[in-house]
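The lines below spell out each chain.
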Amino acid sequence: MQRALNKSRQTKSPKRQHQLKRLHRLVAKHEPIVQRGASITTGFAEIDAYFDAHVTGGVPCGGLHEVAAESAADMPAVLGFAHRLAARFMAQGADDDVLLYGQTHAACRDGGQPYAPALTAHGVSPHSLVYLDGVTVPDLLWAGEQALTCPSVACSLLTSSEAAPDFTHSRRLSLAARTAERPILLALGKTAASAATTRWRLAALPHNGWQVTLEKLRLSHDTPPPLDGWALYPSTPQNAETRHVMPLMRRAV
Amino acid sequence: MTSAPLPPKPQEPFASPVLTGRRIVALWFPHWAAETCRAPYQANRPFALIDMHKNAQRLISLNAAAGEAGLYPSMTLPDARALVPDVQTAMADPQDAAARLQKCAYWLQRYTPWIGEDTMQHTADGLRDYGLLLDISGCAHLFGGERALLVDIAARFATYLDGRGMTARMAIAGSIGAAWGLARFAATDLTIVPEGQDAEAVLPLPPAALRLTPPHIDLCQRLGLDTVAALARFPRADLTRRFGPEPVLRLEQALGQAGESLNPYLPPPQFLVRQNLAQGVTQIEALTALIDTLCVRLAAQLKAEGQGAQRLDVALTRSDNLVLALALPLAHPSADAAHMLRLFEERLSRLAGGLDAGFGIESVQLVAAKTTAITAPQDTIGLSGRLRKTAPIAALGGLYDRLVSRLGAQVVVRPVAHASYIPERAVRFVSVLQAQNGASDETANPLVDAAARPLFMLCAPEPIEVIAEIPEGAPYRFRWRRVLHEVTTAYGPERIAPEWWGGLVGDNDVGTTRHNSRTRDYYRIEDTQGHRFWLYRDGLYDRETDNPRWFMHGVFP
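Given the structure is predicted, the values throughout are model-derived calculations rather than measurements. (Residues numbered from 1 in each chain as written. Chains lettered and ligands numbered in written order. Predicted model: local features only at pLDDT ≥ 70, side-chain atom pairs only at ≥ 80, totals over all residues.)

**Looking at the overall build of chain B**
To keep it simple, the criterion reads: Each helix is a run of DSSP H or I of at least 4 residues and each strand a run of E of at least 2, with the numbering of both proceeding from the N terminus. For every residue, the other C-beta atoms within 10 Å of its own C-beta are counted; 20 or more classify it as buried, 12 or fewer as exposed, and values in between as partly exposed. C-beta atoms are placed from the backbone. We call two residues in contact if the C-beta atoms placed from their backbones are at most 7 Å apart.
A count of helices and strands for chain B gives 17 helices and 20 strands. A buried classification covers 34% of the 557 residues belonging to chain B. Across chain B, every contact between residues at least 6 apart in sequence was considered, and the portion connecting residues at least 24 apart equals 61%.

**Some points on the interface of chain A and chain B**
Defined as follows: Residue polarity follows a fixed list, in which Ala, Val, Leu, Ile, Met, Phe, Trp, Tyr, Cys and Pro are nonpolar, Asp, Glu, Lys and Arg are charged, and the others, Gly among them, are polar. Strand pairing requires that DSSP identify at least two bridges connecting the strands.
In this complex, chain A contributes 51 residues to the contact, which on the side of chain B involves 49 residues. Counted by class, the side of chain A that touches chain B contains 31 nonpolar, 14 polar and six charged residues. Alignment of strand β5 (residues 113–114) of chain A against strand β15 (residues 456–468) of chain B, held across two bridges, turns out to be antiparallel. By the bridge assignment for β15 of chain B, Pro-114 of chain A is matched with Phe-456 of chain B.

**Looking at the nonpolar core**
This is how the line gets drawn: Residues enter a nonpolar core if they are buried, belong to Ala, Val, Leu, Ile, Met, Phe, Trp, Tyr or Cys, and are joined to the set through C-beta atoms within 7 Å.
Of all hydrophobic cores here, the largest spans 124 residues; its most connected members are Val-78, Ala-86, Leu-99 and Leu-185 of chain A. Counting residues per element, this core draws most heavily on helix α4 (residues 75–92) of chain A, which supplies eleven residues. Residues contacting Leu-185 of chain A, with those up to four places away along its chain left out, are His-65, Val-67, Ala-82, Leu-85, Ala-86, Cys-155, Leu-157 and Leu-158 of chain A. In this structure, Val-25, Ala-140, Ile-176 and Val-193 of chain B belong to the second largest nonpolar core, which totals 68 residues.

**Topic: the sheet that holds strand β14 (residues 427–431) of chain B**
Put simply, the rule is: An axis is simply a line fitted to the C-alpha atoms; with a helix, the fit covers only the stretch in contact. Between two such axes, the angle follows the N-to-C directions and lies from 0 to 180 degrees.
Pairing in this open sheet of ten strands is mixed, and the strands run β11(A)-β10(A)-β9(A)-β3(A)-β8(A)-β7(A)-β4(A)-β6(A)-β13(B)-β14(B) from one edge to the other. With one partner strand each, in any of the chains shown, β11 (230–232) of chain A together with β14 of chain B form the two edges of the open sheet. On average, each strand axis in the sheet is inclined to that of its neighbour by 25°, with strand direction left out of account. Pairing of strand β10 (residues 209–217) of chain A with β11 of chain A, which is carried by three bridges, proceeds in the antiparallel orientation. Among the inter-strand pairings, Trp-210 of chain A is bridged to a residue of β11 of chain A, identified as Leu-232 of chain A. Strands β3 (63–69), β4 (98–104), β7 (153–160), β8 (183–188), β9 (198–205) and β10 of chain A of the sheet are contacted by α4 of chain A, whose axis makes an angle of about 170° with β7 of chain A.

**Looking at the packing of helix α11 (residues 236–243) of chain B against helix α12 (residues 245–254) of chain B**
Residue and element names in this part refer to chain B. As a reminder of what qualifies: Put simply, angles under 35 degrees are roughly parallel, angles over 145 are roughly antiparallel, angles from 65 to 115 are roughly perpendicular, and the rest are oblique.
Relative orientation of the contacting elements α11 and α12 amounts to 135°, with a least axis distance of 6 Å. The angle between α11 and α12 falls in the class oblique. Facing Arg-236, Leu-239, Thr-240 and Phe-243 of α11, the residues of α12 in contact are Pro-245, Pro-247 and Val-248. A per-class count over the contact of α11 with α12 returns five nonpolar, one polar and one charged.

None of this, on its own, says anything about what the molecule does.
Structure representation (structure tokens):
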């Protein structure tokens, strides 16, 4: 009894408390952050390993996720990665849920329209696609917010190659997505200050690869994600094919 | 005892008919189905509609020329062919003919609002009989009298279907029974009985003019009763004992002694609400509040009929009599006032150049132009909203409506597979309002490897400058959008030939003529930066063209 009393007195001393706090912070630095809402794994072993070490679960479902291009020519890679994430988010919902895919006029003109027969290779069913064929940037963000009000839209993917939403709009979308606990993916050609939960930056790599950098992870202030990123070679059937189908030509550069 | 008719008893004095002022027009169309038939035929030569009737192919309806040639309804087709070898025939469509009769009834509302179906729908042969009854009490003077009204109707019928004309016999009498009988059995095509003289007009007609059933007509013939007068001579009690109650009722109805009501066509319910304003409104907020109340009223009307609106039309009438019309298509039928209002708000706020109210909007009209029956969703018991996803289709429909009303129907689309080998034609975008569930009759081509197709396809193939190592080979370097790309890897070619049936089917799609006339060799290309493209050479060397052009068609992620 006396011992327990002594112990409680000891913990209450300011010095001990300070020491405890420091230890807590130290432990927290090495322990993954606990998140409550639903989350997904990305399907890329390196990225998932990083999330395992730092954040439980993986990429949170509720939130705004930005995928940005290193240069304008990298938009296809951005969209490829965004589709992979969207497919993962879609898997969380029901079978007949839809993917709202919106593009600005400029994105349509520069990058073209999504081609339904190819979607299955990226994990998205063409039947689940609802496509907005060329809208203005404010309309695009409005559509994303509207999609959050409808429980049958499992994920919305918004593409803007010419402009990013400013911080106010980004924060508004981010808050709405976190409240609704459903994801919004923004594929951007240019970036601005944003309140996104995650921001990924992509560049194309030779031999069907992507250089993926996780620039921002809202949950982790203490351990920033690796800045140099990961070189990923997504396991598409296309890659599998390269092993047994010889290309017509391959030049050493 | 001879088979003489029952001994005539002293004739009962006819009760003097009450002068009700009621005037009924009976129209009878003896050749309705044949004359209104859409099949082209020569009106001055025999024509008949054929259908299976009583286990044989029989003539259902004839035109006037066929009647003159000796054909008659319910005649079998072989008999008719024996009599008139070159008789023109077409298959009958009874539903269509009945629908046209109803349409005619609505048209006749220009003369009177009270138009009814005939009570006797079939002739003695069991064929459909086409006739209409119009209650013109108090309407005739608007057309210059009863005769002028009938002449007007006849003149309009004569010009029917570019002068093919339509035969109609007409009669005006004080009772439905008398008018019906006179239209069919009077000596002239156009009969008008002065008020109060129905009995005198009906008495010389045959008993069939009383709308009797075939057994009763037979009985009358066997008893030698060849006119209504002969029948009317008997005491009613005796007639009832011999014939049953119906002929007596019909007799009294024809003589105007028993009442009979017209069963009018009712127009389908119209969902229309309108608000006229004492003073013009220019503020969009006031207008929105007004539309809100109209939406609530319209939704109440729709709910009362179990209908949901599929298209809403709103008409805003300005004080200078200009009408601003907005149409809103809905993805799913809805009777939800809040949903309708939200769509209108969206639309009003997006009007090009804002709402130009001029000197004010004086009247607002809201119409559910297209409706379908909806079943009320079942209310939930016990489960909380979070556990269960309520009516996902309806929720999606609401989202589609909002997106469409703001962005336009052509922008909110779903992909629909199309059976074609030409890559840009293998899929089409269809508005979500048309493609409800995204399912399509046609399926994607199973031979196409999804990974060999680009994730994004350019809206139209873009010409590029290409240097190839050998004429038939893959590109060595190319220039697209003013950027030079050095090719490191090329897969291909994948040869896609034009569809040989393309010209036969008569597709008028955009791009088919220019791009589908030649064979394409597609290559998947990767450049030094790791960017991946899908491009093709349009046309084969020597066989199709001397100088084939290259096009960029898509990008791989």
